[in-house]
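Structural overview for review
Residues per chain, in single letters:
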2 protein chains.
Amino acid sequence: MQALKYSRQREAIKEFLLSRTDHPTADTVYTNIRQEFPNISLGTVYRNLSLLADIGEILKISTSEGGDRFDGNTMPHYHFICTKCNSVIDLDLKNMEHINELASVNFNGKIEGHIAHFYGQCEKCISKH
Amino acid sequence: MQALKYSRQREAIKEFLLSRTDHPTADTVYTNIRQEFPNISLGTVYRNLSLLADIGEILKISTSEGGDRFDGNTMPHYHFICTKCNSVIDLDLKNMEHINELASVNFNGKIEGHIAHFYGQCEKCISKH
DNA sequence: ATATGTGCAAACCTTTTGCAGTCAG
DNA sequence: CTGACTGCAAAAGGTTTGCACATAT
């Protein structure tokens, strides 16, 4: 078991994510945190993002394009990902726990959860036409 | 526009995927195709997998653990991913197009589709306890 | 003939890790 | 004091790409 000591870097990363709703990448976190901690290393950013995601204080969002995104909002919710600009936007969609049961029909394993991402074009990209 | 010429390598890759239901990685495809084409390169495998996915003849499944998986079954369907062994299994779950409309409520972009992956433990990993 | 496909190898991008030193409890 | 955390740099893992040659049409 790991004892978890305080670290200013970790707090700053968490604070930063709470201040944003645009689901930054690890590199974006790194670039921004460096304004406060010029010597922080990318490795430390990754280690803390992993740790925070493991203990449930942030969410890690795996995307097909580019790197993973991180979310300071840990309330269960779904994401929209723009296929043009790759921006990740929160959706106002209630949790769909029931689809786990639908998926369990005729399946001989144990389904414990799901992720769902919605794709299309975001408002900005539509208007850029 | 690209003219698309026949290639034995590409056909072999497509055939291989059609013969499997376990959603192999690019590297698994490479290893197996090499039995028929000992000199094929990994680059060629990636190029053809991308091309086939682009023209809709195979599906590319992005996972959070390890590399992408590929599926010769292009019928719309959902996948279960085991959190222990990372195996990817087809689910017998009818298409849930309607959740796109649910997600569109209060959203100012255009939702064109979704992906959903279910997580948990597969039958084999449960019995390995 | 010529555009597309291939093999090879190098490059790329994101993420992880080993190490020696630093810091919190 | 001790284990957790850090910066650094190297390495890992998966994927893409530039090039010269081969092949399909």
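The sections below set out a description of the structure shown in this document.

Reading the values: rules and limits
Residues numbered from 1 in each chain as written. Chains lettered and ligands numbered in written order. Predicted model: local features only at pLDDT ≥ 70, side-chain atom pairs only at ≥ 80, totals over all residues. Heavy atoms only, no water. Phe/Tyr/Trp six-rings, centres within 6.5 Å; stacked < 30°, edge-to-face > 60°. Helix = DSSP H or I, 4+ residues; strand = E, 2+ residues; numbered from the N terminus. Buried < 20%, exposed > 50% of the residue type's maximum accessible area, 1.4 Å probe, protein only. Near = heavy atom within 4 Å. Polar contact = N/O pair within 3.5 Å; in protein donor to acceptor, adjacent residues only side chain to side chain. Pairing = 2+ DSSP bridges. Axes fitted to C-alpha atoms, helices over the stretch in contact; angles between N-to-C directions. 1 Å grid on protein atoms, 1.4 Å probe; cavity = no way out; pocket = protein on both sides within 12 Å on 5 of 7 lines; lining within 4 Å. Points joined across faces, edges and corners; volume = space filled by probe spheres on them. Nonpolar A, V, L, I, M, F, W, Y, C, P; charged D, E, K, R; others polar. Contact = heavy atoms within 4.5 Å. Buried area = accessible area lost by both parts, 1.4 Å probe. Salt bridge = Lys/Arg side-chain N within 4 Å of Asp/Glu carboxyl O. Core = buried A, V, L, I, M, F, W, Y, C linked by side-chain atoms within 4.5 Å.

1. Notes on the packing of aromatic side chains
Scanning the model with the defined rule gives 2 aromatic pairs over all chains in all. A centroid spacing of 4.5 Å and a plane angle of 50 degrees characterise the contact between A:Phe80 and B:Phe107, whose relative ring orientation is tilted. Taken as a pair, A:Phe80 in strand E3 (residues 78-82) and B:Phe107 in the loop between helix H4 (98-104) and strand E5 (110-121) lie in two separate chains rather than in one. Exposure class is identical for A:Phe80 and B:Phe107. Each is buried.

2. Quick look at the protein's contact with DNA strand C
A:Tyr46, B:Lys5, B:Ser7, B:Arg10 and B:Thr44 are the nearest of the 22 residues found near DNA strand C. The sugar-phosphate share of atoms of DNA strand C within 4 Å of the protein amounts to 70%. Within the side chain of B:Lys5, an N or O atom sits 2.7 Å from a base nitrogen of DNA strand C. Secondary-structure elements contributing two or more residues to the surface near DNA strand C are helix H3 (42-54) of chain A together with helix H1 (8-18) and helix H3 (42-54) of chain B.

3. Focus: the sheet that holds E5(B)
Picture the strands of a sheet paired through backbone hydrogen bonds; they go either parallel or antiparallel. Ordered in space as E4(A)-E3(A)-E5(A)-E5(B)-E3(B)-E4(B), the 6 strands form an open sheet in which the pairing is mixed. Of all the strands in the sheet, the pair left with one neighbour each is strand E4 (88-91) of chain A together with strand E4 (88-91) of chain B. The mean inter-strand angle of the sheet, taken between neighbouring strand axes irrespective of direction, is 30 degrees. In terms of strand pairing, strand E3 (residues 78-82) of chain B meets E5(B) through 4 bridges, oriented parallel. If you follow B:Phe80 over to E5(B), its bridge partner there is B:Phe118.

4. Digging into the pairing of E4(B)
All names here are of chain B. Where E3 meets E4, 4 bridges bridge the pair, whose relative direction is antiparallel. Bridge pairing in E4 places His79 opposite Asp90. In textbook terms, the turn of a hairpin is the stretch between consecutive antiparallel strands, and for E3 and E4 this stretch comprises 5 residues, one of which, Asn86, has a positive phi near 65 degrees.

5. Thoughts on the side chain of B:His117
Relative to the assigned elements, B:His117 resides in strand E5. Its relative accessible area of 8% is what places B:His117 among the buried residues.

6. Things to note about the layout of surface pockets
Here the second largest pocket is characterised by a volume of approximately 150 Å³. Split by residue class, the lining of the second largest pocket holds 4 nonpolar, 3 polar and 3 charged.

7. Focus: the protein's contact with DNA strand D
As a matter of local geometry, DNA strand D sits amid 22 residues, with A:Lys5, A:Ser7, A:Arg10, A:Thr44 and B:Tyr46 nearest to it. Considering DNA strand D, the proportion of its atoms within 4 Å of the protein that are sugar or phosphate atoms stands at 70%. One of the side-chain N or O atoms of B:Lys5 is found 3.0 Å from a base nitrogen in DNA strand D. Between a phosphate oxygen of DNA strand D and a side-chain N or O atom of B:Tyr46, the distance comes to 2.4 Å. Where the surface near DNA strand D is concerned, the elements lending two or more residues are helix H1 (8-18) and H3 of chain A together with H3 of chain B. Here the surface near DNA strand D gets 4 residues from one element, more than from any other, and that element is H3(B).

8. Quick word on the interface of chain A and chain B
Chain A puts 32 residues into the contact, and the matching count from chain B is 32 residues. Both faces considered, chain A and chain B share a buried interface measuring about 2,500 Å² in area, 64% of it formed by carbon and sulfur atoms. Taken as a group, A:Phe107, A:Ile115 and A:Phe118 account for 19% of the area that chain A buries against chain B, more than any other trio of residues on that side. Across the contact surface, chain A and chain B share 0 salt bridges. At the junction of chain A and chain B, the tally comes to 10 residue pairs in polar contact (both at pLDDT 80 or more). Counting only elements with at least two residues in the side of chain A that touches chain B, the list comes to E4, helix H4 (98-104), strand E5 (110-121) and helix H5 (123-127) of chain A.

9. Structural notes on the nonpolar core
Note that soluble globular proteins tend to have their nonpolar side chains buried in a common cluster. Counting 28 residues, the largest nonpolar core has A:Phe80, A:Leu91, A:Phe118, B:Phe80, B:Leu91 and B:Phe118 as the members making the most contacts within it. Mapped by element, the contributors of at least two residues to this core are E3, H4 and E5 of chain A together with E3, H4 and E5 of chain B.

Any functional reading would require information that these geometric values do not contain.
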